[in-house]
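One-letter residues, chain by chain:
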Amino acid sequence: MKDKIKIRRCNGISDEEFRESILPKREPVIITGLDIGLCKSLWTVDYLSNKIGDKQVKVHVSKDKQMDFIKKNFIYKTISFRSLIKRASEREHEEFFLDKNEVYYLRALGDDPRGRDVSDFKKHYSGISDDIIFPAYFEPSQYFSSVFRIGSSGCQLWTHYDIMDNMLIQVKGRKRVVLFNPQDTQNLYLNGDKSEIIDIDNPDYEKFPKFKNVMFYEGFLEPGDVIFIPALWMHNVISLDFGIAVNVFWKNLDNSFYNQKDPYGNRDLVPAEKALQSLETALKSLKELPKDYSDFYHRRILSRVERSLNEL
């Protein structure tokens, strides 16, 4: 790992300043001093439990604090919100699924049981929607989704990228956020949109030697802070305390680039998805060749990709 870069912190950035001086730089920024509403003081365990109560939510449950989406070291359980927030705020549980020290993570979905509903905090949690103010850093027509997130203390989410710009509004608890520049993609061992490296602080360099070349962009969020995460920046998030946040995503490119049937907003852009599918088809075809020929054409493809990259 190279030296760490501290994510820049800015105080009270206006909508105009954000669009003119932050958005064009395509780098993460932690914004402090914003008015995010009464949620910062209101959203206690008791308050949310009373307001949301028995609403059923689908949560990740794991014995391992470092959640791994590729190997699925967690289970999904549907429980009441009241039960979720009680358990997520505990260090040790009297009631549990796997272990008395298990951790919980909610990435709120829509109300459609088939998972075809785009997550919309204001709609799906209308009883508390007036408690929080979203910074108006994007045009209303660009809005895609807003995701309610709740995590146990110590819960660490897998490193991944999103195809849309987003901001994470930290309401309760502290978080450590580590981001990786898109130009480090070849050093992050991607499997789809996720990295195979789970423990970013103690990686297996024999298995992942190129990870030594990455630059960490590190920041710490306090309640009330908002972090801007530009599209394609890989990020890894650790809840240092029991945490509550709302994540807002918007389409920073023309709508035609996005898959219109994707309720999660995590499928690659349409042209990129087509290119990746074509690449997989090409690589499958190369397996039909004798080894020395396959080696030659793999290298020819690499050379062509490098040339294209240099032409950007």
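Every value quoted in this text rests on a predicted model; they were computed, and no experiment measured them.

A. How the structure looks around the packing of aromatic side chains. By the definition in use, this model includes 24 aromatic pairs. With 4.1 Å between their ring centres and 10° between their planes, Phe18 and Tyr137 make a pair best called stacked. With a gap of 119 residues between them, Phe18 in helix H1 (residues 15-22) and Tyr137 in the loop between helix H5 (121-124) and strand E7 (143-151) connect regions that are remote in the sequence. Taken individually, Phe18 and Tyr137 each receive the classification buried, so the pair is uniform in this respect.

B. Here's a closer look at the sheet that holds E7. As summarised here, the arrangement of the nine strands in space is E2-E3-E14-E9-E16-E7-E6-E4-E5, forming an open sheet in which the pairing is mixed. In this open sheet, the two strands that pair with only one neighbour each are strand E2 (8-11) and strand E5 (75-80). Strand after strand, the sheet turns through a mean of 25° between neighbouring axes, direction not considered. Note: strand E9 (residues 165-172) against strand E14 (residues 226-229), four bridges, orientation antiparallel. Looking at the pairing, Ile169 lines up with Val226 of E14.

C. Examining a nonpolar patch on the surface more closely. The grouping of Leu289, Tyr293, Phe296 and Tyr297 at the surface amounts to a nonpolar patch, some 380 Å² of accessible area in total. On the secondary structure map, Phe296 appears in helix H7 (residues 291-310).

D. The arrangement of the nonpolar core in detail. Residues Trp43, Phe81, Leu84, Tyr125, Phe148 and Ile150 are the most contacted members of the largest nonpolar core, which totals 43 residues. Apart from residues lying up to four places away in sequence, Phe81 is in contact with Leu48, Ile52, Gly53, Lys55, Val57, Leu106, Tyr125, Phe148 and Ile150. Formed by 18 residues, the second largest nonpolar core is a distinct cluster that contains Tyr161, Met164, Phe249 and Tyr258.

E. Structural context of unusual backbone geometry. Phi is positive for Lys72, close to 55°, though the residue is something other than glycine. On the secondary structure map, Lys72 appears in the loop between strand E4 (56-62) and E5. Phi at Tyr189 is positive, roughly 55°, even though this residue is not glycine. You can see Tyr189 is positioned in the loop between strand E10 (175-180) and strand E11 (190-191).

What counts and how
Residues numbered from 1 in each chain as written. Predicted model: local features only at pLDDT ≥ 70, side-chain atom pairs only at ≥ 80, totals over all residues. Heavy atoms only, no water. Phe/Tyr/Trp six-rings, centres within 6.5 Å; stacked < 30°, edge-to-face > 60°. Helix = DSSP H or I, 4+ residues; strand = E, 2+ residues; numbered from the N terminus. Buried < 20%, exposed > 50% of the residue type's maximum accessible area, 1.4 Å probe, protein only. Pairing = 2+ DSSP bridges. Axes fitted to C-alpha atoms, helices over the stretch in contact; angles between N-to-C directions. Patch = residues over 30% accessible without salt bridge, like charges linked within 9 Å, V, L, I, M, F, W, Y side chains within 5 Å. Areas by Shrake-Rupley, 256 points an atom, 1.4 Å probe, with all protein chains shown as cover. Salt bridge = Lys/Arg side-chain N within 4 Å of Asp/Glu carboxyl O. Core = buried A, V, L, I, M, F, W, Y, C linked by side-chain atoms within 4.5 Å. Contact = heavy atoms within 4.5 Å.

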